[in-house]
Amino acid sequence: MSILEIEDLKKVYEGGFEALKGVSLEIEEGEILALLGPNGAGKTTLISTICGITTSTSGDVHVGGFNIKDDYRAARSLIGLVPQEINLEPFETVWNTVRFSRGLFGKKRNDAYLETVLQKLSLWDKKDSRIMELSGGMKRRVLIAKALSHEPRVLFLDEPTAGVDVALRKDMWDTVAELKRDGVTIILTTHYIEEAEAIADRVGVINKGELLLLEEKASLMQRLGKKQMKVELQDAIQSLPESLSAYDLALEEGGSVLTYSYDTRSERTGITTLLSDLSAAGLVLKDLQTAQSSLEDIFVGLVEEGQS
Ligand SMILES: Nc1ncnc2c1ncn2[C@@H]1O[C@H](COP(=O)(O)OP(=O)(O)OP(=O)(O)O)[C@@H](O)[C@H]1O
């Protein structure tokens with residue numbers, strides 16, 4: 001069963017702005033989904049709506065089978081939310097911060113559980129420190145500890161590594177991987193494509209309130225394996241010679257450039273035979289260039305398509 005089911009979710013803000021235009025999504029227990037999207041795409045709105053911070057205009061969300069509107073408390077208790085902004089009480093200690101948060105969900109006191117959470121996040125030796133005494137990275141980890149305090153099954157991380165240095169980002173990725181091993185389902189939003197590459201099982205791309213793509217990371221990486229070779233010809237041609245019809249070729253720039261797409265993972269790229277077939281067809285090469293399409297290209301391409 002899917003732990004999270006989102007069906008045709010729409011959100012129109014007061015004033016008429018349509019921030020979510022019918023998003024549907026299912027998430028399996030234990031998976032890590034990365035939602036990529038530019039600023040203003042609707043990522044935070046999506047998370048806020050699922051968590052009941054904003055109300056949806058239409059559509060349905062179920063968490064662990066509970067409808068977030070009809071069974072709000074049951075649904076919400078299964079969710080942990082790590083917000084983008086650090087919103088902690090500066091004078092409070094780490095220990096009290098997580099303990100109060102657990103209490104807010106009406107959960108019975110369980111100090112042993114909270115200790116494991118703090119241990120896992122390397123915060124146990126800071127448990128008596130006040131929030132104001134912690135570094136930015138530690139504060140972020142406290143946000144995660146707080147979100148985990150009531151033993152949620154789904155954890156939302158809204159841009160967990162925005163403005164964080166490289167070492168800390170890697171730490172955060174390790175933390176996420178460990179939470180996954182514990183069986184927590186994780187949905188994170190990010191601007192960083194390498195973050196999605198590093199930790200996600202599936203990647204969703206959202207722009208202007210629409211989910212443009214939702215795909216296993218592995219198959220996206222397969223697409224990453226695609227390479228292109230551009231062959232600049234000495235003389236432009238009108239059309240592709242018949243003898244080259246078996247190749248995945250496109251004629252560009254007024255007939256002076258041939259673009260050949262091939263898979264870097266396959267045993268044979270076909271480049272050698274293509275080059276000899278080109279010369280057999282009487283085409284003279286002026287220049288050669290190869291380029292690899294990255295997840296970034298796919299992402300930028302999708303977002304630009306949505307713009308036009
Ligand atoms: N309370 C609100 N009232 C009206 N419009 C809003 C409100 N909150 C957000 N929006 C608009 O909804 C759109 C989506 O915002 P959202 O914060 O969900 O984007 P995001 O993808 O999380 O962006 P970022 O990456 O910058 O955090 C934006 O155009 C934003 O201006």
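An unreviewed UniProt entry lists the protein chain under the name Putative ABC transporter ATP-binding protein YbhF, with Cognatishimia activa given as the organism.

**Overview of the overall build of the protein chain**
Across its full length, the protein chain carries 10 helices and 14 strands. The C-alpha radius of gyration computed for the protein chain amounts to 25 Å, which surpasses the reference 19 Å derived for 308 residues by more than 25%, pointing to a less compact arrangement than a globule. With the C-alpha coordinates of the protein chain rotated into their principal frame, the extents come out at 80 × 45 × 35 Å. Here the protein chain, with 308 residues, has 30% of them falling under the buried criterion. Excluding contacts between residues fewer than 6 apart, the proportion of contacts in the protein chain whose partners are at least 24 apart in sequence is 70%.

**A short note on unusual backbone geometry**
Look at S122: it is not a glycine, yet its phi comes out positive at around 55°. Tracing the backbone through its elements, the reader meets S122 in the loop between α4 (111-120) and α5 (136-148).

**Section: helix α3 (residues 94-104)**
All of the buried residues in α3 are V94, V98 and R102. Down the axis, α3 shows its buried residues gathered within 65° of arc, on one side only. Packed against the buried residues of α3 are α4 and α5. Residue G106 follows α3 closely and has a positive phi angle near 70°.

**A short note on the site of the ligand**
The environment of the ligand is formed by Y13, G15, F17, A19, G37, N39, G40, A41, G42, K43, T44 and T45. Considered class by class, the residues forming the shell around the ligand number four nonpolar, seven polar and one charged.

**As for the domain arrangement of the protein chain**
By domain assignment, the protein chain separates into domain 1 (1-78 + 153-225 + 294-308), domain 2 (94-148) and domain 3 (228-292). The straight-line distance from the C-alpha centre of domain 1 to that of domain 3 is 40 Å.

**Quick word on the sheet that holds strand β14 (residues 285-292)**
If you walk across this open sheet you meet the four strands as β12-β13-β11-β14, and the pairing is antiparallel. Bordering the open sheet on either side are β12 (249-252) and β14, each of which pairs with just one other strand. For this sheet, the mean inter-axis angle between neighbouring strands, taken without regard to orientation, is 20°. Where strand β11 (residues 226-233) meets strand β13 (residues 257-263), seven bridges bridge the pair, whose relative direction is antiparallel. By the bridge assignment, V231 is partnered in β13 with L258.

**What about the packing of α3 against α4?**
Direction vectors running N to C along α3 and α4 enclose 130°, while the axes themselves pass 11 Å from each other. Judged by the angle between their axes, α3 and α4 are oblique. Regarding α3 and α4, the two cross each other, and that crossing is right-handed. Within the contact between the two elements, α3 uses V98, R99 and R102 and α4 uses L114, V117 and L118. Of the residues in the contact of α3 with α4, the class split is four nonpolar, no polar and two charged.

**Concerning the packing of α3 against α5**
At a minimum axis distance of 8 Å, the contact between α3 and α5 shows a crossing angle of 30°. By the criterion of interaxial angle, the relationship of α3 to α5 is roughly parallel. In the packing of α3 onto α5, the handedness of the crossing is right-handed. In this structure, α3 contributes V94, T97, V98 and S101 to the contact, and α5 contributes V142, A145 and K146.

**Digging into the sheet that holds strand β9 (residues 202-207)**
Taken together, the six strands give an open sheet; going across it, the order is β6-β7-β8-β3-β9-β10, and neighbouring strands pair in mixed fashion. Whereas interior strands pair on both sides, the edge strands pair on one side only; in this sheet they are β6 (79-82) and β10 (210-216). Sheet twist, expressed as the mean angle between neighbouring strand axes with direction ignored, is 15°. Sheet topology places strand β3 (residues 32-36) next to strand β8 (residues 185-190); five bridges connect them, and they run parallel. Directly across from L33, in β8, lies its bridge partner I187. Sitting on the sheet, helix α1 (residues 43-50) touches β3, β7 (154-158), β8 and β9, and the angle it makes with β7 is about 150°. Its contacts with the sheet place α5 against β6 and β7, and it is angled at close to 165° to β6.

Rules and cut-offs
- Residues numbered from 1 in each chain as written.
- Predicted model: local features only at pLDDT ≥ 70, side-chain atom pairs only at ≥ 80, totals over all residues.
- Helix = DSSP H or I, 4+ residues; strand = E, 2+ residues; numbered from the N terminus.
- Rg over C-alpha atoms; globule rule 2.2 N^0.38 Å.
- Buried ≥ 20, exposed ≤ 12 C-beta atoms within 10 Å, placed from the backbone.
- Contact = placed C-beta atoms within 7 Å.
- Arc of directions from axis to C-beta.
- Near = placed C-beta within 6 Å.
- Nonpolar A, V, L, I, M, F, W, Y, C, P; charged D, E, K, R; others polar.
- Domains from an automatic or database assignment.
- Pairing = 2+ DSSP bridges.
- Axes fitted to C-alpha atoms, helices over the stretch in contact; angles between N-to-C directions.
- Parallel < 35°, antiparallel > 145°, perpendicular 65-115°, else oblique.
- Left-handed = near helix turned anticlockwise from the far one by under 90°.

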